[in-house]
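# Breakdown of the fold
The chain contents come next:
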Amino acid sequence: MVRWWSFRMWGAHLLGLICVAAATGMGVWQHDAWQERRAAERVDLTEAEPVPLAEVLGPDDPFPAGDVGRPVRLAGTWLPEGTALVTGREDEDGRAGRWVVTPLTVGGPADPAVPVVRGWVPDDTDVADLPAPDPGEAELVGWLQPPEGSGMADDDPSDDVLPQLRIADIVQRVDQDLYGAYVVARAPTQTDAAAGLAPATLDQLPPAGRFTALRNLLYAIEWWVFAAFAGFIWWRYVRDATRLPPAQEAGAGDDPEDAVLSGE
């Protein structure tokens, strides 16, 4: 008879343990992400003292949820070939407009870059009408923001107009790696301001989805349900593998004296 502690059952125990532990861990991770994003919404860092970007985020780091809107300082070289316009940005008067976005290397010309919102222009502005960014090294202060990703489709991927500021769209325009974030410059450079670029503001950010953080919580619950299901499957398998066949179960319940009297 196979017992639950038998050697042949160790594989099932190990597989069940791995599935339950992995699903539980994924659920905890999503739950932590939900709590971090809820906490980030309650903190306004836009008026904090600027800090170097390297103190907050590295080129390959995930976006720190607790630093949304934090002012950062950065210096580097503009990559004008990566310039794009991001639509759907209204000014304080309700006029439709676009953000002018150009990647800026963080360090030398060959170092990873971060997309920077240089300013705001009216909705009928084309990339060809934009001033070229200042040559040489540039220094600026801006608000750190996570990449946008509302799922809006780009009707014409071949042009320089984007419906949202996604890192995946900008990285196709430059040879450098990009940070997993972008920066909204506090003020345009003198060249951009002289050419008519207005300052971009955080009020022009698209409204956050009401259920963005809730989605992480639902993912956590989904993973925990999977963990419970994996535990149930393990329990059923172990129970079925260690159960006696029906004939043996019936025989195990007979009285030995009755079996002798009946001649069995």
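Just above, that's the structure.
Residues numbered from 1 in each chain as written. Predicted model: local features only at pLDDT ≥ 70, side-chain atom pairs only at ≥ 80, totals over all residues. Heavy atoms only, no water.

### A few points about the overall build of the chain
Cut-off, in case you're wondering: Runs of E in the DSSP output that reach at least two residues are strands. Runs of H or I that reach at least four are helices, and both are numbered from the N terminus. Under the scheme applied here, a residue whose accessible area is under 20% of the maximum for its type counts as buried, over 50% as exposed, and between as partly exposed, the area being computed with a 1.4 Å probe on protein chains only. In these tables, accessible area is a Shrake-Rupley quantity obtained with a 1.4 Å probe, and a residue counts as shielded only by the protein chains included in the view.
A count of helices and strands for the chain gives six helices and eight strands. Counting helices and strands in the order they occur from the N terminus, the chain gives α-β-β-β-β-β-β-β-α-β-α-α-α-α. Split into buried and exposed, the 264 residues of the chain put 37% on the buried side. When the accessible area of the chain is evaluated, it comes to approximately 15,600 Å², of which 57% is carbon and sulfur surface.

### Overview of the packing of aromatic side chains
Each aromatic ring pair is described using two quantities: the centre-to-centre distance and the angle formed by the ring planes. Our working definition: Pairing of aromatic rings covers Phe, Tyr and Trp, the last through its six-membered ring, and needs centres within 6.5 Å; plane angles under 30 degrees mean stacked, over 60 mean edge-to-face, and all others mean tilted. Criterion for a charge above a ring: Lys NZ or Arg CZ within 6 Å of the ring centre, and within 35 degrees of the ring normal.
Within this structure, the stated rule accounts for three aromatic pairs. Residues tryptophan 223 and phenylalanine 226 carry aromatic rings whose centres are separated by 6.2 Å and whose planes lie at 90° to one another, so their mutual orientation is edge-to-face. Of the two residues, tryptophan 223 and phenylalanine 226 are both situated in helix α4 (residues 212-242); the distance of three residues between them amounts to about one turn of the helix. The ring of tryptophan 99 carries arginine 89 above its face, with NZ or CZ at 4.4 Å from the centroid. The ring of tryptophan 78 has arginine 118 sitting right over it, with the charged end atom 6.0 Å from the ring centre.

### A closer look at the sheet that holds strand β1 (residues 51-52)
Spelled out, the test is: Two strands qualify as a pair provided DSSP detects at least 2 bridges between them.
Pairing within the open sheet is mixed, and its eight strands lie in the order β1-β2-β6-β8-β5-β4-β3-β7. Each edge of the open sheet is held by one strand with a lone partner, namely β1 and β7 (161-162). Two strands pair when backbone bridges link them, and strand β4 (residues 96-105) and strand β5 (residues 113-122) are joined in this way by nine bridges, in the antiparallel orientation. Paired with valine 100 across the bridge in β5 is glycine 119.

### Some points on the pattern of salt bridges
Where we set the bar: We define a salt bridge as a contact between a side-chain nitrogen of Lys or Arg and a carboxyl oxygen of Asp or Glu at a distance within 4 Å.
Counted under the stated rule, the structure contains seven salt bridges. For aspartate 192, the salt bridge identified is with arginine 118, shortest N-O distance 2.7 Å. Of this pair, aspartate 192 sits in helix α3 (residues 190-194) while arginine 118 is found in strand β5, placing the two residues 74 residues apart along the sequence. Assessed through its relative accessible area of 3%, arginine 118 is described here as buried. For aspartate 169, the salt bridge identified is with arginine 166, shortest N-O distance 3.1 Å. A relative accessible area of 15% places aspartate 169 in the buried class.

### As for the pairing of strand β6 (residues 137-145)
Each regular strand carries side chains that alternate between the two faces of the sheet. Relative to β6, strand β2 (residues 71-77) is paired through seven bridges, and the arrangement is antiparallel. Note that in β6 the partner of alanine 75 across the bridge is glutamate 139. Pairing between β6 and strand β8 (residues 182-185): four bridges, direction antiparallel. When the bridges of β8 are listed, glutamine 145 appears paired with tyrosine 182.

### A short note on the side chain of arginine 89
The condition is simple: Distance and chemistry together define a polar contact, namely a pair of N or O atoms within 3.5 Å, with one atom able to donate a hydrogen and the other to accept it when in protein, and with adjacent residues in sequence counting only for side-chain atoms on both sides.
Relative to the helices and strands, arginine 89 is located in strand β3 (residues 84-90). A polar side-chain atom of arginine 89 sits 2.8 Å from a polar atom in the side chain of glutamate 148.

### Considering the side chain of glutamine 30
Under the convention used in this document: Any two residues having at least one pair of non-hydrogen atoms within 4.5 Å are treated as being in contact.
Along the polypeptide, glutamine 30 turns up in helix α1 (residues 10-41). With sequence-adjacent residues up to four places away left out, glutamine 30 is seen in contact with Asn216, Tyr219, Ala220 and Trp223.

### Observations regarding the pairing of β4
In terms of burial, β4 is a largely internal element, nine of the ten residues being buried. Direction of pairing for β3 relative to β4: antiparallel, over a ladder of five bridges. Within β4, the residue paired with alanine 84 across the bridge is valine 101.

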